[in-house]
Amino acid sequence: MFKILHQNGNARRGEFHTVHGTVQTPVFQNVGTIAAIKGAVSTTDLKEIGCQVELSNTYHLHLRPGDKTVKELGGLHKFMNWDRPILTDSGGFQVFSLAGLRKITEEGVSFSSHIDGHKIFMGPEESMKIQSNLASTIAMAFDECIENPAPYDYVKQSVDRTYRWLVRCKEEMKRLNSLEGTINKEQLLFGINQGGIFDDIRIEHMKKIAELDLAGYAIGGLAVGETHEEMYHILDVVLQYAPLDKPRYLMGVGTPSNIIEAVARGVDFFDCVMPSRNARHAFIFTRNGTMNLMNQKYELDTRPIDSECQCPTCRNYTRAYIRHLFKAKEMLAMRLAVIHNLYFYNELMERIRLSIEEDRFEEFRRENVEKLASRVID
Ligand SMILES: [Zn+2]
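**Student:** Whenever I open this one, the sheet that holds strand β9 (residues 119–122) confuses me. Can you help?
**Tutor:** Across a sheet, strands are paired by hydrogen bonds formed along the backbone, either parallel or antiparallel in direction. Strand order across the open sheet formed by 3 strands is β7-β8-β9, with antiparallel pairing between neighbours. Strand pairing shows two members of the sheet lacking a second neighbour, β7 (103–104) and β9, which therefore form its edges. As defined by bridge partners, β7 adjoins strand β8 (residues 109–112) across 2 bridges and the pair is classed as antiparallel. When the sheet's bridge partners are listed, K103 is paired in β8 with S110.

**Student:** Can you help me understand the pairing of strand β3 (residues 21–25) in this one?
**Tutor:** For a regular strand, side chains alternate in direction, first toward one face of the sheet and then toward the other. Looking at chain direction, strand β2 (residues 11–18) and β3 are connected through 5 bridges and run antiparallel. Along β3, the bridge assignment pairs H17 with T22.

**Student:** When you look at the packing of helix α14 (residues 331–357) against helix α15 (residues 361–373) in this model, what are you seeing that I'm missing?
**Tutor:** Each pair of packed helices can be summarised by the angle the axes make with each other and by the distance between the axes. The N-to-C vectors of α14 and α15 enclose an angle of 150 degrees; their axes lie 8 Å apart at closest approach. In terms of orientation, α14 and α15 fall into the roughly antiparallel class. Residues F344, L348, R351, I352, S355 and I356 of α14 touch α15, and the partners they reach there are F361, F364, N368 and L372. Split by residue class, the contact of α14 with α15 holds 7 nonpolar, 2 polar and 1 charged.

**Student:** What is the right way to look at the pattern of salt bridges in this model?
**Tutor:** Once the charged atoms of two side chains with opposite charge are near each other, the side chains can pair. All told, the structure shown has 22 salt bridges when counted by the stated rule. Here R13 makes a salt bridge to E357, at a shortest N to O gap of 2.6 Å. Remark: E357 occurs in helix α14 and R13 occurs in strand β2; sequence separation between them is 344 residues. In this structure E357 comes out as partly exposed when scored by relative accessible area, which is 38%. One salt bridge in this structure joins E125 and R168, with 2.9 Å as the shortest N-O distance.

**Student:** What exactly am I supposed to notice about the packing of helix α9 (residues 228–238) against helix α10 (residues 256–264) here?
**Tutor:** For the pair α9 and α10, the least separation of the axes is 10 Å and the interaxial angle reads 25 degrees. Relative to α10, α9 is oriented roughly parallel. For the pair α9 and α10, the crossing hand works out as right-handed. Two secondary-structure elements touch here, α9 through H228, M231, Y232 and L235 and α10 through S257, N258, E261 and A262. Across the contact of α9 with α10, the residue classes tally to 4 nonpolar, 3 polar and 1 charged.

**Student:** Looking at this structure, I do not really get the coordination of the zinc ion. What am I missing?
**Tutor:** Six octahedral donors around a metal ideally make angles of 90 or 180 degrees; four tetrahedral donors ideally make 109.5 degrees. Protein-derived coordination of the zinc ion comes from C309 (SG), C311 (SG), C314 (SG) and H340 (ND1), at a distance range of 2.1 to 2.3 Å. Sequence spacing of the donor residues for the zinc ion, all on one chain, is C-x1-C-x2-C-x25-H. With respect to burial, C311 and C314 carry one shared label: buried.

Thresholds, definitions, all that
Residues numbered from 1 in each chain as written. Predicted model: local features only at pLDDT ≥ 70, side-chain atom pairs only at ≥ 80, totals over all residues. Heavy atoms only, no water. Pairing = 2+ DSSP bridges. Helix = DSSP H or I, 4+ residues; strand = E, 2+ residues; numbered from the N terminus. Axes fitted to C-alpha atoms, helices over the stretch in contact; angles between N-to-C directions. Parallel < 35°, antiparallel > 145°, perpendicular 65-115°, else oblique. Contact = heavy atoms within 4.5 Å. Nonpolar A, V, L, I, M, F, W, Y, C, P; charged D, E, K, R; others polar. Salt bridge = Lys/Arg side-chain N within 4 Å of Asp/Glu carboxyl O. Buried < 20%, exposed > 50% of the residue type's maximum accessible area, 1.4 Å probe, protein only. Left-handed = near helix turned anticlockwise from the far one by under 90°. Donors = N, O, S within 2.8 Å, 3.2 Å for Na, K, Ca; no water.

Function cannot be inferred from these measures alone, as they are strictly geometric.
Written out as structure tokens, the structure is:
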């Protein structure tokens, strides 16, 4: 299912085969929370900007329109008209970050909807059932996402429970995949490593979940309050214990520089709301660094955002025009900016893949880590 084509240092160039097509890795998954990319970007746009995997959100789709409705409509692929892989998160992160008053037990979590306050219960079986109804390509295990920093004893106890939940997720998915009415009987399960910033808890947990022979392994609970150095340290420590022949997914990360640093440590899958969220606030990523399109200096600037970029926005519109749209709060501003930023991220991954293939990833890393994180000079 996962094949490493080439390795350069710890950076891996791979292919992940699924029923919805092959994913070239390292890959950035484009986040479409409620089965749409915020900023009026459609699935036809996603094809044009090189998106390989779309990521949808279990918690949000369970609340609205409801996973049973999506199933009745033929599953998420049909619903949003997307024939490439879809990854659904487990809902865990939103349950712990968005939902109102919650209570955690061995069975799962009781919480109230952030939309209308009604009571919901979600545990491993419920999360798997929802994701099976959505019929995504890859389902994520239901876990507890802990904020950093959290007390050692709490993290330990939480991770033990998350492990027991993972075992239940695996059993439930096996059952759901065998049912007559299931849309995607080949649905895959990724487990999630947790443990805050405690090396020993992370390592022990990774060793245990590695034995479950899952389709992939995610590192969760990072980029939630710790420093970049702490995050890189955890990756260095924990990836040594992740199975070599399975994809590794760093959840919710991050900046272009974070991604390059994580690829250097052996990560294959990424996702983050940053490119689309920042774009909606006129914050743009380019090959030469970041820029804020609201800046006065772009008022008469007739150049594209990035003259090397081949995205639909850069091929057709000027900085001055997009700045005007932002100033006038016109919806098209967000759309054009999101299209550029996502194209930039997808193309960044393509450049990373090529540099690994050509054994010059370290050079690529040296050239880009600082440049991409700094403000553009022009
Ligand atoms: Zn562009």
